[in-house]
Amino acid sequence: MEISYTELRTKEVVNLQNGARMGKIIDMIIDSNGKNVLGLVVPGVRKVFRAGEDIFIPWCNITKIGSDVILVSLDVSTLTNVTKSSDMDLGKHGSQCCDDNDYL
C-alpha cells in the first residue's frame, strides 16, 4: 500500500480501545535511514493556559487505514508523548508489539 503524508494528515485517528477520536496526524516519525515509518504523531489533550503534549503512535499499533479514518489500538495508560520519546530510540519504546517487520 502506498499513501502520501498529505493523504494521511486529512484522516481522523480513532482509538479502538476506547472509541476516542484522537485528532488528525500532525507529524510522522521516520528512522534515520529514511527507510521505515516508525509511527505517527497526533495532538495531545490541550489544557487551558498550557499546551498539551503530542502523542506518538507506533506504526505497529495502526490497525487499519481507511478512506477517511485511521484506526489504532492503544492502551491509554501506556501512551507515550513525543517530548519524552525524543531521548529514546523510537523503534524500541512504546508498545511491545513492534519488531523490525512492523514498520512501513
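For clarity, every value in this text was computed on a predicted model and none was experimentally measured.

Draft legend 1. The arrangement of the overall build of the protein in detail. Each helix and strand in the protein was counted, giving two helices and eight strands. Taken from the N to the C terminus, the helices and strands of the protein come in the order α-β-β-β-β-β-β-β-β-α. Per-residue burial over the protein gives 38% buried out of 104 residues. Intrachain contacts of the protein at a sequence separation of at least 6 include 43% that bridge at least 24 residues. Accessible surface, the protein as shown: approximately 6,600 Å² in total, 49% of it carbon and sulfur.

Draft legend 2. Structural context of the pattern of salt bridges. Per the stated rule, a full pass over the model turns up one salt bridge. Note that Arg 21 and Glu 12 form a salt bridge whose closest N and O atoms lie 3.8 Å from each other.

Draft legend 3. Main features of the nonpolar core. With 16 residues, the main nonpolar core has Val 13, Met 22, Leu 40, Ile 57, Ile 62, Ile 70 and Val 72 as its most contacted residues. Taken together, the elements giving at least two residues each to this core come down to strand S4 (37-42), strand S5 (55-58), strand S6 (62-65) and strand S7 (69-72). The element that contributes the greatest number of residues to this core is S4, accounting for three residues. If we ignore the near neighbours within four places in the chain, the residues touching Val 72 are Val 13, Val 14, Asn 15, Leu 16, Met 22, Ile 57, Asn 61, Ile 62 and Thr 63.

Draft legend 4. Local environment of the side chain of Asn 15. Take Asn 15: it is sitting in strand S1 (residues 12-15). Apart from residues lying up to four places away in sequence, Asn 15 is in contact with Ala 20, Met 22, Val 72, Ser 73, Leu 74 and Val 76.

Draft legend 5. Region of the structure containing the environment of Glu 12. Along the chain, the position of Glu 12 falls in strand S1. Look at Glu 12 and you get buried, because its relative accessible area is 17%. Note: C-alpha distance between Glu 12 and Lys 24 (12 residues apart in sequence) is 4.8 Å. Of the polar contacts made by the side chain of Glu 12, one reaches the backbone nitrogen of Gly 23; its length is 3.4 Å.

Draft legend 6. Region of the structure containing the confidence of the model for the protein. Averaged over all residues, the pLDDT of the protein equals 79, while 68% of them reach at least 70. Confidence drops under pLDDT 50 across residues 84-96; counting only partners more than four residues distant or on other chains, this segment forms 15 contacts.

Draft legend 7. Just the pairing of S1, in detail. Every second residue of S1 is oriented toward a common face, with Glu 12 and Val 14 on one face and Val 13 and Asn 15 on the other, all of them buried. As paired elements, S1 and strand S2 (residues 21-24) share three bridges and run antiparallel to each other. Its bridge partner being in S2, Glu 12 is matched across the sheet by Lys 24. What sits between the antiparallel neighbours S1 and S2 is a turn of five residues, in which Gly 19 has the positive phi angle 75°.

Thresholds applied
- Residue positions are given per chain, counted from 1 along the sequence in the order it is written.
- Reporting of local features is limited, given that this is a predicted model, to residues whose pLDDT is at least 70; pairs of side-chain atoms are given and counted only at 80 or more, and all residues count toward the totals for whole chains, interfaces and linings.
- Working from all heavy atoms in the structure, the side-chain values ignore hydrogens and water.
- By definition, any uninterrupted DSSP run of H or I lasting at least four residues is a helix, any uninterrupted run of E lasting at least two residues is a strand, and each is numbered from the N terminus.
- Under the scheme applied here, a residue whose accessible area is under 20% of the maximum for its type counts as buried, over 50% as exposed, and between as partly exposed, the area being computed with a 1.4 Å probe on protein chains only.
- The contact definition used throughout considers only heavy atoms, calling two residues in contact when any of these lie within 4.5 Å.
- Calculation of accessible area relied on Shrake-Rupley with a 1.4 Å probe; when residues are assessed, cover is drawn exclusively from the protein chains displayed.
- In the sections that follow, a salt bridge refers to a side-chain nitrogen of Lys or Arg positioned within 4 Å of a carboxyl oxygen of Asp or Glu.
- The set of buried Ala, Val, Leu, Ile, Met, Phe, Trp, Tyr and Cys residues whose side-chain atoms join them within 4.5 Å is what this entry labels a nonpolar core.
- The term polar contact refers here to a pair of N or O atoms within 3.5 Å; inside protein, the definition further demands a hydrogen-donor-capable atom paired with an acceptor-capable atom, and it admits residues adjacent in sequence only when both atoms are side-chain atoms.
- For every residue, the predictor states its confidence as a pLDDT score lying anywhere from 0 to 100.
- In this analysis, strands are considered paired if DSSP registers two or more bridges between them.

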